[in-house]
Amino acid sequence: MATEQLKLRELAKKEVLITSGHRLCAGCGAPIIAKMVLLAAADYPVVACSPTGCLEVSTCISDYTAWKVPWIHSAFENAGATLSGVETMYRALKKKGKIDKEVKFIAIGGDGGTYDIGLQSLSGAMERGHDLLYVCYDNGAYMNTGIQRSSATPLGADTTTSPAGSVIPGKLQRRKDLTRIMAAHNIPYAAQASPSHWSDFIRKVRKALSIKGPKFINVISPCNRGWRSRLDDAIQLSRLAVQTCYWPLYEVEDGVVRVTYKPREKKPIEEFLKPQGRFKHLFTPENEWIVKRFQEDVDREWERLQKEESLYT
Amino acid sequence: MARVAAVTGNEAVAEALRQINPDVCAAYPITPQTELMQRFAAFVSNGKVDTELILVESEHSAMSACIGAAAAGGRVATATCGPGLALMWEMLYVASGMRLPIVMAVVNRSLSAPLNIHGDHSDAMGARDSGWIQLWSENAQEAYDNTIQAFRIAENMNIRLPAMVCMDGFIISHSIGRIEYLEDEPVRSFVGEYQPLNPLLDLDNPKSYGPLILTDQYHEYKRAQHEVMTRVKDVVLAVAAEFEKVSGRRYGLFESYRLDDAEIGLVILNSAAGTAKDVVDSFRERGIRAGLLKPRLFRPFPYEEVAQALKGLKAVAVLDRADSFGGYGPVFMEVCSALYPLAERPVVINKIYGLGGRDFLPQHAEEVLAELEEIARTGKVRVAKEYIGVRE
C-alpha cells in the first residue's frame, strides 16, 4: 500500500499534518519538506521528533503547535536517541498488548543537528536498528542561530563564521557526505531527495516507511536568508542543485546503489552558485580556482556514484 | 518472607530493577556502575524481565532515550555515575522540565581531572539543581529499598518528577554485604501498574513535547517546578510509611542517630555515616553526648526538619564528600541555610573528606568529634572549612 506511488490528485486529498501558521520564514524549504514527508506518511499513525533548529523553534511555540501528529523535541544533539526511546517504548508496550496500531516514527532535523552535533546520536540509533526514518533538511549552515558554517556548508560559501574576507574567501573545506556515511551503516535504506522532484521524494519516503529498520533520507532545503537568494526561488534552486549534480538523487537499498534521476544535460555548477549571494565573491578572477575546484568535486562525485550504480546493473 | 543474601550494591539495585520490571531501560556502561547494568542485561537476555534494553552510545543518549521512552508513556529506569552523569547534565534538566518520572541509580563517582574511578559525591552534587529528586543510601539495603520507593515517589500523580538513587561507588557498589530482599510479588504490588500521563503514544490525542517558551512563560514554568518540589517531602514520608508495612524497615527524610540529647553531632551522607555511627557509639560509651544526622532526601532538602533535629546541639560538623571549590561543601551550605533562621543555633564547621575514594576511617570521625567537643566547650572555631584525611 505505502510503496505505491501517489498521484498529485490523491496527495492533495490527504490531511496536511503540519499546519500553516507556523513561524518559519517566507520561502523556506523546511516546511515544504516536512509537509511532503507527512503527506507521504499519511496512511500511518506517525510520531515525529525534531532536534532544536529552525523547524523546531518555529513550529512549537507555547501555547501553539503546528504539529497535528504527536511530536517531541528534547534537545539539539539527540533526535536519534530521543526517537529511539519513543520507538523502543512503543515496542515494549506493543509486546505487552497495550498498543496495537502500526506506528511510524519520523525524525526531521536540520543539518546542524544531523551532520554535526547530532551525528553520534544518529549513528547510534542507526546502528541499533530502530524502526525509524530520519529525514535531514539540509540547508547547509546553522541558519537558526544566524548562518554559521556547518559540516554541510559547501566549499567557498560565505557564512557568518566563514565570512568571505580579504584573506580567506569563505569556507575552505568541502561538505561532509552524510548520505554515504549513513549508507555505510549498512542500514536497509538511505537516499537523497529534493523538494523540486516531489514525486521522487514522496516515493522515497513511502518506500522507506514500508521497510523495517533504520532509514535515512537527506533532502536539500534552500534557505533564502542564508543562501541570499530570491524569496520565491526555493524550488528552482533545489532543482538546479539536482540538475548540476551538486545534489544527485539516488537511493541505497540493502547496499544497492540506484541513481533515481539523471539529468539529460548536466548543467555547469555556476548555474547553481550564481543566483546565491553566499557565492557572489567566487565570481572574481582571484577566486576562480574555488569554482573550478567545486566543479571538479561535483564531477568526481557524480562519476563515482554512477560507477557505484553500474556495479549492480 | 524476606530472602537474606550477601550481595554487592550493584547486584542489589539490579535485583530491585528485575522485580520492578520497567518497560524500557537505556544505559551506557561506566565504572563503577557497569556491573549493575550487566546484571540487568542478563535478566533481559534470560527472559527474567520484559524490559526493552537500549544499549546507547553515550550517557547523553542514554538520558535522551529515557526521555523519549518516558514521554512515550511507560516506566523507565537507567543507571550511571561520575562523568556519565556529568555528560547527561543537559538532559537531566529536560527530564525534570518535562516532568518525566525516570528513576536512575547513581553509583557515586568522582569527576575528572585527574581521572579517578572511585567514589565521591561530586557527580550527584553537580546535578542537585537539575530538578531531580535525590535519595541517598548508606548501604546496599538502603539502595535497594530506595530504588523501590523511588518509582512510587517519582510516579506519584501529584509529583511526576525524575528521581535519582545514590550509593557510594566501589565502597557500596562493589563490596558484598547482607541484604534482605522482598519477594517479587510484594515489590510488584507496592510499585503497582504504571499510570501514563499525557503519553506521546496516545495517537488520537496528539501532544507536542518540548516547546519553545520564551520570556512570557518560562519563569512561571520554573516556579511550577519549585512548587511541585515542595510537595515531594510528604509523598516521600507517605511512601516510606507504606514501605515499612511491607518491609518492616523504617525510612524518613533523614536518619537521626542518637541526636535527641546530643551536644555535638556530625552530618554525613551515605556509606561514611556507617563508619561514623560506630565512632558516635564509642563517644557515647565515654559519656560524651554525640549524635549523627544522615540525610536521605537531599533534593528537595528538608530544611525545617533538619533545623529541628539539630537546633539543640552546641556544635555540628558537616562532612562533605564533594567540594564547591572556592565555596563550602554542598551539604554544609544546606545545613547552614536550614539553621540560619533559628535564634539560637549550633556552631557549624565543614570538613571535606574522601574525595576520589580516599578512605574515611574511624579515626577521622574521632578527630572531628574531638574538635567539636573543644568548640562546644570554648565556643572557638579553629577553621571553618578544612580537608581531612589529607597526605601532607
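Residues numbered from 1 in each chain as written. Chains lettered and ligands numbered in written order. Predicted model: local features only at pLDDT ≥ 70, side-chain atom pairs only at ≥ 80, totals over all residues. Heavy atoms only, no water.

**Q** How would you explain the overall build of chain B if you had to name every residue and give the values?
**A** The helix and strand inventory of chain B stands at 14 helices and 16 strands. Taking the principal axes of the C-alpha coordinates as reference, chain B spans close to 70 × 55 × 45 Å. Considering chain B as a whole, with its 392 residues, one finds that 57% of them fall into the buried category. Counting contacts in chain B only where the partners sit at least 6 residues apart, residues at least 24 apart contribute 81% of the total. A total accessible area of about 15400 Å² is found for chain B, and carbon and sulfur atoms account for 51% of it. Computing the positive centroid from 39 side-chain charges and the negative centroid from 51, chain B places the two 3 Å apart. (Helix = DSSP H or I, 4+ residues; strand = E, 2+ residues; numbered from the N terminus. Buried < 20%, exposed > 50% of the residue type's maximum accessible area, 1.4 Å probe, protein only. Contact = heavy atoms within 4.5 Å. Areas by Shrake-Rupley, 256 points an atom, 1.4 Å probe, with all protein chains shown as cover. Lys, Arg positive; Asp, Glu negative; His and termini not counted. Charge placed at Lys NZ, Arg CZ, Asp CG, Glu CD.)

**Q** Give a detailed account of the overall build of chain A, specifying residues and quantitative values.
**A** The secondary structure content of chain A amounts to twelve helices and eight strands. At 19 Å, chain A has a C-alpha radius of gyration in line with the 20 Å of a compact globule built from 313 residues. Overall, the C-alpha framework of chain A stretches about 70 × 50 × 40 Å when taken along its three principal axes. Going through the 313 residues of chain A one by one, you find that 62% of them count as buried. Nonlocal contacts in chain A, meaning residues at least 24 apart in sequence, comprise 70% of its contacts between residues at least 6 apart. When the accessible area of chain A is evaluated, it comes to approximately 12500 Å², of which 53% is carbon and sulfur surface. Once the 44 positive and 35 negative side-chain charges of chain A are each reduced to a mean point, those two points are 3 Å apart. (Rg over C-alpha atoms; globule rule 2.2 N^0.38 Å.)

**Q** Help me get a handle on the domain arrangement of chain B, residues and values and all.
**A** Residue and element names in this part refer to chain B. Splitting chain B by domain gives domain 1 (3-247) and domain 2 (254-387). Just the C-alpha atoms count here: the centres of domain 1 and domain 2 sit 28 Å apart. Domain 1 puts 31 residues into the contact, and the matching count from domain 2 is 29 residues. Roughly 2200 Å² of surface becomes buried between domain 1 and domain 2 when both sides are summed, with 54% attributable to carbon and sulfur atoms. Per-residue buried area on domain 1 facing domain 2 is highest for Arg128, Glu138 and Lys233; these three make up 29% of the total on that side. The partner of Glu142 in a salt bridge is Lys294, with the nearest N and O atoms 2.6 Å apart. Between domain 1 and domain 2 we count 19 residue pairs in polar contact (both at pLDDT 80 or more) in total. Counting only elements with at least two residues in the side of domain 1 that touches domain 2, the list comes to helix H6 (122-126), strand S6 (133-136), helix H7 (140-155), strand S7 (163-168) and helix H10 (232-247). Of the residues that constitute the side of domain 1 that touches domain 2, the class distribution is 13 nonpolar, eleven polar and seven charged. (Domains from an automatic or database assignment. Buried area = accessible area lost by both parts, 1.4 Å probe. Salt bridge = Lys/Arg side-chain N within 4 Å of Asp/Glu carboxyl O. Polar contact = N/O pair within 3.5 Å; in protein donor to acceptor, adjacent residues only side chain to side chain. Nonpolar A, V, L, I, M, F, W, Y, C, P; charged D, E, K, R; others polar.)

**Q** Account for the sheet that holds strand S3 (residues 104-110) of chain A, with residues named and values stated.
**A** The nine strands are arranged S8(A)-S7(A)-S5(A)-S6(A)-S4(A)-S3(A)-S1(A)-S2(A)-S9(B) in an open sheet whose pairing can be described as mixed. Sheet topology places strand S8 (256-261) of chain A together with strand S9 (208-209) of chain B at the edges, where each strand pairs with a single neighbour. Where strand S2 (residues 71-72) of chain A lies against S9(B), two bridges are found, and the strand directions are parallel. For Ile72(A), the partnering residue across the bridge sits in S9(B) and is Tyr209(B). (Pairing = 2+ DSSP bridges.)

**Q** So, the interface of chain A and chain B: which residues are in play, and what are the values?
**A** Of the residues lining the interface, 44 residues belong to chain A; the matching set on chain B comes to 43 residues. Both faces considered, chain A and chain B share a buried interface measuring about 3200 Å² in area, 61% of it formed by carbon and sulfur atoms. The interface formed by chain A and chain B includes six salt bridges. Among the salt bridges present, the one from Asp23(B) reaches Lys96(A), with a minimum N-O distance of 2.4 Å. Here chain A is connected to chain B by 18 residue pairs in polar contact (both at pLDDT 80 or more). At the level of elements, strand S1 (46-49), helix H3 (54-59), S2, helix H4 (79-95) and helix H6 (119-128) of chain A are the ones that each hand at least two residues to the side of chain A that touches chain B. Counting residues per element, the side of chain A that touches chain B draws most heavily on H4(A), at twelve residues. Classifying every residue of the side of chain A that touches chain B by side-chain character gives 21 nonpolar, 13 polar and ten charged.

**Q** Could you give an account of the nonpolar core, naming the residues involved and the relevant values?
**A** Residue and element names in this part refer to chain B. By size, the foremost hydrophobic cluster in this structure holds 213 residues, and its most contacted members are Leu36, Met63, Ile67, Ile102, Ile148 and Leu310. Apart from residues lying up to four places away in sequence, Met63 is in contact with Thr78, Met88, Met91, Leu92, Ala95, Ile102, Met104 and Trp132. If you look at the next biggest cluster of nonpolar residues, it comprises 25 residues, including Ile268, Ile288, Leu292 and Phe360. (Core = buried A, V, L, I, M, F, W, Y, C linked by side-chain atoms within 4.5 Å.)

**Q** Break down the pattern of salt bridges for me, with residues and values.
**A** For the structure shown, the criterion picks out 65 salt bridges over all chains. Note that Arg152(B) is salt-bridged to Glu242(B), the shortest N-O span being 2.9 Å. With Arg152(B) in helix H7 and Glu242(B) in helix H10, the pair connects residues that are 90 residues apart, well separated along the chain. Put simply, Asp200(A), Arg203(A), Lys204(A), Lys207(A), Glu251(A), Glu253(A) and Arg258(A) are held in one network by salt bridges that share partners.

**Q** Account for helix H8 (residues 184-191) of chain B, naming residues and giving values.
**A** All names here are of chain B. Residues of H8 that are buried: Val187, Phe190 and Val191. Seen from one end, H8 has its buried residues packed into an arc of 90°, which puts them on one side. Of the exposed residues in H8, the ones pointing more than 90 degrees away from its buried face are Glu185 and Ser189. At its buried positions, H8 is contacted by helix H1 (9-20), H7 and H10. The first or second residue beyond H8 is Gly192, which carries a positive phi of 75°. (Arc of directions from axis to C-beta.)

**Q** Report on unusual backbone geometry, specifying residues and quantitative values.
**A** The amide bond that connects Thr31(B) to the next residue, Pro32(B), takes the cis arrangement and shows omega of 0°. Relative to the assigned elements, Pro32(B) resides in the loop between strand S2 (24-27) and helix H2 (34-45). At the junction of Arg299(B) and Pro300(B), the peptide bond is cis and its omega measures out at -5° in the coordinates. Note that Pro300(B) resides in the loop between strand S13 (297-299) and helix H12 (303-310). Unusually for a residue other than glycine, Asn186(A) sits at a positive phi of about 55°. Residue position: Asn186(A) is located in the loop between helix H7 (178-183) and strand S5 (189-193). A positive phi angle, close to 65°, is found at Phe170(B), a residue other than glycine.

**Q** So what's going on with the pairing of S5(A)? Which residues, and what values?
**A** All names here are of chain A. Burial runs high along S5: five of the five residues are buried. Neither face of S5 is open: one carries Tyr189, Ala191 and Ala193, the other Ala190 and Gln192, and all of them are buried. With five bridges connecting them, S5 and strand S6 (residues 215-220) associate as parallel partners. Paired with Ala191 across the bridge in S6 is Ile217. Between the parallel elements S5 and S6, the chain passes through helix H8 (residues 198-210) in a crossover that is right-handed. As paired elements, S5 and strand S7 (residues 249-253) share four bridges and run antiparallel to each other. Each residue of the ladder has a partner; that of Gln192, found in S7, is Tyr250. (Right-handed = clockwise from strand over helix to strand, strands pointing away.)

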